[in-house]
Amino acid sequence: MIRRHINSFNALQFMVGATSPMAVLVGGVVNTYATTGVLGTPLAFLVVGAALALLMVGYLAMTNREGNAAPAYAFLGLGLGPSWGIAGGVLMFAATNAIQISLYGLFGATTAELTGVGHWTGWALAAWGLVAVFGLANFSLGKVFIAVVGVAELVMIGAVILAAFTHPHDGQVSAAPMTVGALWDQRATVGGVFALTVAAFVGVESGAAYAEEGKTDKTMVHATVATLLVLPVLYCAMAWALPVWTGPDQIVAEARNAGHTGFPFTIVAAGYGGGMVALAQLLMLTSFFISALSFHQVIGRYVHAIAREGVIPAWLADVGRIGGRMAGATAPASLLQSGIAVAVIGVCALLRVDPIGGMFIWLSSGAAVGVLVTLVGVSIATVFYFRKGGGLGRDPLIVRTAGPVLGAIVGSALVAVIVVNQAALLGVTSVGLQAVIPVLVLVTIVAGFWYARRVRRLWPDRYAAVGRGRPDEVMVPDQQVGFRV
């Protein structure tokens, strides 16, 4: 008998691990202020959170009915057709790799600055090596570690927020960062703000990749809804706390000088002393690692699920063994992702790409656009899925049509704002460089359709079955196997 093991709390751990609030505070929020200069960043988290909530209506409806370890691939395939499913799977694979690899640049640069030892590439490769090893191991080994670190992260972030709001600059909490004018008056850079805030939320959709392993069909839906309710408020509070501490007029300068001053750890030092600073820095580094590992696991599940349908080489669905027992559901897929990551790190090192301004900002921005485009596609696919008889006709209008349509409209608008106004974020002025990310996303989609056409010609039966693969004893382990997810 097949038994499922992941409950809603486990799923919440995976998503919090992927989104990693501590990494968002130090890497995302600070860099958003530094690169865009937009005071209204806190409000952007609420706007993006609301937009993602609409975008996720269709995605969650499909998760609840067609759970698959490669969700975007399956949902697009079932709603719009196999070619769309394969193209969506390719785009999601590329986007998730991009956000995961961007973290290595951020981790390497941050660790080199904190320790004053070595080059960023050495630290990035050290983190890559740990993720590569853990990616081949039983993921349950990390559950307790992720839970403990996750709780510690939230406590530390709460301490930062409390210190800032109880000791505001000039003794007064400024509401300026929460005004519409603070966000929208700087239209030339608002797209960059939205790109980085979307990147901060990338990982919210990752829970669906564990749907086959949930104890119930609604496990991942409940966990994702909880995450969508909590994260926008938490991120907003984090982003608001920083200008409250520094003063609205000083936040941009403070963020741009963070590499030298240690901001935002200066808030921790002033509020709680040097011992807490060391703990906060340790939590930041572990959060980068956990986030990278979480994305690594999601990528592995995508590859495994697509490979078991024969759309890509079947050996990528094999299960590795260490010491005679199953070591993970996605060993070959894990090695594939590790190979891609180390290749990108190596190329960036050879080309002397800046690990933050180049590697982190460009890859995370590209990932944000890729994920948004995929979610817009899934929203549209949801409408067609229900019109073709999916869901057995018992679903409310908000799930079948209204929610997904609104999500697609809002998501498309968000993509347009990001693409049109990303120059300040990327630090470029030429039209050609501004077009790099949207062109790469488009090329990825076209490549996916080209490959789908090839699958249709060579393996028509596999093509017709895209997204219809069901869980097996690898992804949903039997009690006898002794392998726990």
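Rules behind the numbers
Residues numbered from 1 in each chain as written. Predicted model: local features only at pLDDT ≥ 70, side-chain atom pairs only at ≥ 80, totals over all residues. Heavy atoms only, no water. UniProt positions renumbered as here; feature names shortened; annotations may be inferred. Phe/Tyr/Trp six-rings, centres within 6.5 Å; stacked < 30°, edge-to-face > 60°. Helix = DSSP H or I, 4+ residues; strand = E, 2+ residues; numbered from the N terminus. Buried < 20%, exposed > 50% of the residue type's maximum accessible area, 1.4 Å probe, protein only. Core = buried A, V, L, I, M, F, W, Y, C linked by side-chain atoms within 4.5 Å. Polar contact = N/O pair within 3.5 Å; in protein donor to acceptor, adjacent residues only side chain to side chain. Expected span 1.5 Å × (residues − 1). pLDDT = per-residue confidence, 0-100. Contact = heavy atoms within 4.5 Å. Axes fitted to C-alpha atoms, helices over the stretch in contact; angles between N-to-C directions. Parallel < 35°, antiparallel > 145°, perpendicular 65-115°, else oblique. Left-handed = near helix turned anticlockwise from the far one by under 90°. Nonpolar A, V, L, I, M, F, W, Y, C, P; charged D, E, K, R; others polar.

The name that an unreviewed UniProt entry assigns to the chain is APC family permease, with the source organism given as Dactylosporangium cerinum. Quoted verbatim from the Subcellular location (unreviewed entry) heading of the UniProt record, the comment on the chain is "Membrane".

### Points about the packing of aromatic side chains
Evaluated as defined, the whole model comprises nine aromatic pairs. Ring centres of W84 and F449 lie 5.1 Å apart, and the angle between their planes is 90 degrees; on these two criteria the pair is classed as edge-to-face. Of this pair, W84 sits in helix 5 (residues 82-115) while F449 is found in helix 20 (residues 436-458), placing the two residues 365 residues apart along the sequence. A residue is classified by how much of its surface remains accessible, and W84, at 44% relative accessible area, is partly exposed. Classification of F449 by relative accessible area gives partly exposed; the value is 28%.

### A short note on the nonpolar core
Among the nonpolar cores identified, the biggest contains 142 residues, and I86, Y104, M238 and L242 are the most heavily contacted of them. Among the nonpolar cores identified, the runner-up in size contains six residues, and V303, A307, L316 and A333 belong to it.

### Observations regarding the environment of D354
Within the secondary structure layout, D354 lies in the loop between helix 15 (331-350) and helix 16 (355-387). Linking D354 and L106, residues 248 residues apart in sequence, is a C-alpha distance of 9.9 Å. A polar side-chain atom of D354 sits 2.4 Å from the main-chain amide nitrogen of G357.

### Describing helix 5
Under the 1.5 Å per step criterion, the end-to-end length of helix 5 is 50 Å for 34 residues, consistent within 8% with the ideal 50 Å. Most of helix 5 sits inside the fold, with 27 of its 34 residues counted as buried. Just beyond helix 5, the residue with positive phi is G116, at close to 70 degrees.

### Quick word on the confidence of the model for the chain
If pLDDT is low for a region, its predicted coordinates should not be looked at in detail. Averaged over the chain, the pLDDT score is 83; the fraction of residues at 70 or greater is 86%. Across the chain, the secondary-structure element scoring lowest on mean pLDDT is strand 2 (residues 325-328), at 47, and the one scoring highest is helix 20, at 95. The model gives residues 322-327 a pLDDT under 50, and that stretch makes 17 contacts with residues more than four places away or in other chains. Predicted confidence for residues 473-485 stays below pLDDT 50, and this span has 44 contacts to residues more than four positions away or in other chains.

### Quick look at the packing of helix 3 (residues 41-65) against helix 17 (residues 397-420)
Following both chains from N to C, one finds helix 3 and helix 17 inclined at 135 degrees, their axes separated by 7 Å at the closest point. Taken together, helix 3 and helix 17 sit at an angle that is classed as oblique. Note on packing geometry: the crossing formed by helix 3 with helix 17 is left-handed. Along its contact with helix 3, which presents A51, L54, L55, V57, G58, A61 and R65, the element helix 17 presents I398, V399, G403, P404, L406, G407, A408, V410, G411 and L414. Looking at the contact of helix 3 with helix 17 residue by residue, the class counts come to 12 nonpolar, four polar and one charged.

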